[in-house]
Amino acid sequence: MRKIKVLTVFGTRPEAIKMAPLVQELKKCSFVDCKVAVTAQHRQMLDQVLSLFDVKPDYDLDIMKERQNLFDITRNALSGLKDVLEEVKPDLVLVHGDTTTTFVGALASFYMHIKVGHVEAGLRTHNKWLPFPEEMNRKLTAALSDLHFAPTMTAKENLINEGVDPKSIFVTGNTVIDALKTTVKENYVFRQPALNILDFKKNRVILVTAHRRENLGEPLKDICHGLRQVVERNPDVVLVYPVHLNPAVWDTAHEILGNHERIILLPPLDTDELHNLMARCYMVMTDSGGLQEEAPSLGKPVLVLRNETERPEAVKAGTVKVIGTARENVLKEAEILLSDEAEYSRMANAVNPYGDGFASRRIVEGILYFFGVSDKKPEEFNPKS
Ligand code: UD1
Ligand code: UDP
């Protein structure tokens, strides 16, 4: 029997982290011929992940430019992917999430009449502009997709409400939890010297990341001012911020948060370093999507530095709170978690609404079912089971 030819397409750090376990699972499956194409919308931050998870792309479009805009990414990824698709002629293209690579991967496949599977499908804020351009990227990708791998029941319901055929939706859990299960270790030793000398018992470590496009400029400045005040008012707090390489983020973070003995600004961390830091920290403050999924599973409270979230499950479970970007809110909400023990323990609950570590396996089973290799539809991920 001819193998199903599956081409995975991704380009940024979070896509790579969440696709790596799936690539590994696809490579193990004897019914699948798995190829990997990266647009390299990110370069160094993508390469860190590829190297950690030992993923070797078959095609690398190498499109990243400093201070690239959405037109650059769209144009260069689209023309590069045309050549790759013409050469590989896959039966199925898998894209992930909501970046511009995701949307363009789906669009290029559609133009060539190739089936599309969308991993991490169905996340919505229902606000076209927040996050920008991710909300539209994921909606447009859904419209172009034949198979929808929704991480949660809420995501599935969002897709059904938009008219997607329920038969094409598989609830799988999020593959980020598959990745997390392989990286967090009790006896982990940090390679980054600044992390190795941290005393997690003596100091309360706040892990911060912030990079979203709609937060660039004033909101990010406000966040940074608020964070500096948190550190200044709490002598046992150490803030660790691995800073995104976007110069618009890097410059602001260093300008406002630099030169403080209890603020550690680092370049992007390898994902195993980041995950193990998260497992040991006091709490997380972030505008990242991925961190909102990882931290609840490790029992860490999360303050979300945004005005909305497409990940309501952990908010409902009580471990994530959306606090916006105003400096007084950043300070106030952090102070609550630093001073109110009851509130801290209420939020510091390990919950797993996003996955059980078997999402990649369910996705492969879904692909085999879709192509008629197996007649068994994978069981839906259910956080309570
Ligand atoms: C992109 C995604 C966003 C995702 C984020 C994850 C889009 C439009 N945005 O945003 O959805 O949440 O990735 O981090 O798809 N840079 C480097 N080296 C790197 C990566 C980035 O120098 O390895 C710098 C470059 O100057 C680049 C800039 O960061 O031009 C911005 O990168 P870009 O991918 O356009 O936007 P992100 O904010 O990273
Ligand atoms: N991450 C990482 N190193 C870092 C910061 C984040 O490996 O220095 C990981 C993090 O664990 C998560 C993912 O990157 O899995 C989140 O990526 P990012 O915040 O860039 O994008 P988003 O999730 O917001 O799309």
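Located above this text is the structure these notes cover.
Residues numbered from 1 in each chain as written. Chains lettered and ligands numbered in written order. Predicted model: local features only at pLDDT ≥ 70, side-chain atom pairs only at ≥ 80, totals over all residues. Heavy atoms only, no water.

Trainee: Just to check I follow, could you spell out the packing of aromatic side chains for this structure?
Mentor: Under the defined criterion, the tally for this structure stands at eight aromatic pairs. A connected cluster of aromatic rings, assembled from ring pairs, spans Phe149, Phe170 and Tyr369. Stacked on the ring of Tyr282, the Lys or Arg Arg204 has its end atom at 5.0 Å from the ring centre. For the cation-ring pair, Lys377 lies above Phe170, with the distance from its terminal atom to the ring centre recorded as 4.9 Å. (Phe/Tyr/Trp six-rings, centres within 6.5 Å; stacked < 30°, edge-to-face > 60°. Lys NZ or Arg CZ within 6 Å of the ring centre and 35° of its normal.)

Trainee: Hey, could you run me through helix α12 (residues 289–297) in this one?
Mentor: For an α-helix the count is 3.6 residues per turn, leaving residues at separations of three or four pointing the same way. When you tally the buried positions in α12, you get nine out of nine residues, the bulk of the element. Those residues of α12 that fall on the buried side of the exposure criterion are Gly289, Gly290, Leu291, Gln292, Glu293, Glu294, Ala295, Pro296 and Ser297. Where α12 begins, one side-chain oxygen reaches toward the backbone nitrogen of Gly290, 3.1 Å away; that side chain belongs to Ser288. Just past α12, the residue Gly299 takes up positive phi, approximately 75°. (Buried < 20%, exposed > 50% of the residue type's maximum accessible area, 1.4 Å probe, protein only. Helix = DSSP H or I, 4+ residues; strand = E, 2+ residues; numbered from the N terminus. Polar contact = N/O pair within 3.5 Å; in protein donor to acceptor, adjacent residues only side chain to side chain.)

Trainee: Honestly, the state of the cysteines in this entry has me stumped. Any pointers?
Mentor: Think of a disulfide as a covalent bridge from one cysteine sulfur atom to another cysteine sulfur atom. Applying the stated rule across the entire model yields zero disulfides. No disulfide involves Cys29; its sulfur sits 10.0 Å from that of Cys34, the nearest cysteine. Accessibility expressed as a relative area gives 12% for Cys29, which makes it buried. (Disulfide = S-S within 2.5 Å.)

Trainee: What is the right way to look at the pattern of salt bridges in this model?
Mentor: Side chains that differ in charge, positive against negative, can pair when their charged atoms come close. One pass over the structure, following the stated rule, counts 36 salt bridges. Across the pair Glu310 and Arg138 runs a salt bridge whose closest N-O atoms are separated by 3.1 Å. You can see Glu310 sitting in the loop between β12 (302–304) and α13 (313–317) and its partner Arg138 sitting in helix α5 (residues 134–144), a full 172 residues away along the chain. Of the two residues, Glu310 and Arg138, neither departs from the other in class, the shared state being buried. Residues Glu380 and Lys156 are paired through a salt bridge, measuring 2.8 Å at the closest nitrogen-oxygen approach. On the criterion of sequence distance, the pair formed by Glu380 in the segment after α16 (359–370) and Lys156 in helix α6 (residues 153–161) is long-range, its members being 224 residues apart. Residue class for Lys156 comes out buried when judged on its relative accessible area of 16%. Among the charged side chains, a salt-bridge network with shared partners connects Lys18, Asp98, Glu120, Glu135, Arg138, Glu293, Arg306, Glu308, Glu310 and Arg311. (Salt bridge = Lys/Arg side-chain N within 4 Å of Asp/Glu carboxyl O.)

Trainee: Teacher, can you tell me more about the pairing of strand β11 (residues 283–286) here?
Mentor: A regular strand places its side chains on the two faces of the sheet in alternate fashion. Here β11 shows a buried face lined by Met283 and Met285 and a second buried face lined by Val284 and Thr286. When strand β8 (residues 204–209) meets β11, the two strands line up parallel, connected through four bridges. For Leu207, the partnering residue across the bridge sits in β11 and is Val284. Pairing of β11 with β12 involves three bridges; the strand directions are parallel. Bridge pairing links Met285 to Leu303 in β12. (Pairing = 2+ DSSP bridges.)

Trainee: Help me understand the layout of surface pockets, please; the structure alone is not making it clear to me.
Mentor: Approximately 260 Å³ is the volume attributed to the second largest pocket. Lining the second largest pocket are 13 residues; nearest its centre among them are Met153, Glu313, Pro353, Pro383 and Lys384. Sorting the residues of the lining of the second largest pocket by element identifies α6 and α13 as the ones contributing at least two each. Considering each element in turn, the lining of the second largest pocket owes the most residues, three residues, to α13. Considering only residue class, the lining of the second largest pocket consists of six nonpolar, four polar and three charged. (1 Å grid on protein atoms, 1.4 Å probe; cavity = no way out; pocket = protein on both sides within 12 Å on 5 of 7 lines; lining within 4 Å. Points joined across faces, edges and corners; volume = space filled by probe spheres on them. Nonpolar A, V, L, I, M, F, W, Y, C, P; charged D, E, K, R; others polar.)

Trainee: Would you mind going over the site of ligand 2 with me for this structure?
Mentor: If you check the shell around ligand 2, you find 16 residues, and the closest are Arg13, Leu269, Thr271, Gly290 and Glu294. Interatomic distance of 3.3 Å between a side-chain N/O atom of His275 and an oxygen atom of ligand 2. The contact in question runs from an oxygen atom of ligand 2 to an N or O atom on the side chain of Ser288, over 3.0 Å. A total of 540 Å² of accessible area belongs to ligand 2 in isolation, and the protein chains cover 95% of it. If you tally residues by element for the shell around ligand 2, the top one is α12, at four residues. Its residues assigned to classes, the shell around ligand 2 shows seven nonpolar, six polar and three charged. (Near = heavy atom within 4 Å. Areas by Shrake-Rupley, 256 points an atom, 1.4 Å probe, with all protein chains shown as cover.)

Trainee: Would you mind showing me how to read the site of ligand 1 here?
Mentor: Looking at ligand 1, there are 25 residues lining it, with Gln41, His42, Gln44, Lys65 and Glu134 nearest. Within the side chain of Gln44, one N or O atom sits 2.7 Å away from a nitrogen atom of ligand 1. Separating an oxygen atom of ligand 1 from a backbone N or O atom of Arg67 is a distance of 3.0 Å. Alone, ligand 1 offers 740 Å² of accessible surface; in the complex the protein occludes 96% of this. Among the secondary structure elements, those contributing two or more residues to the shell around ligand 1 are α2 (44–52) and α3 (70–88). Grouping the constituent residues of the shell around ligand 1 by class yields eight nonpolar, ten polar and seven charged.

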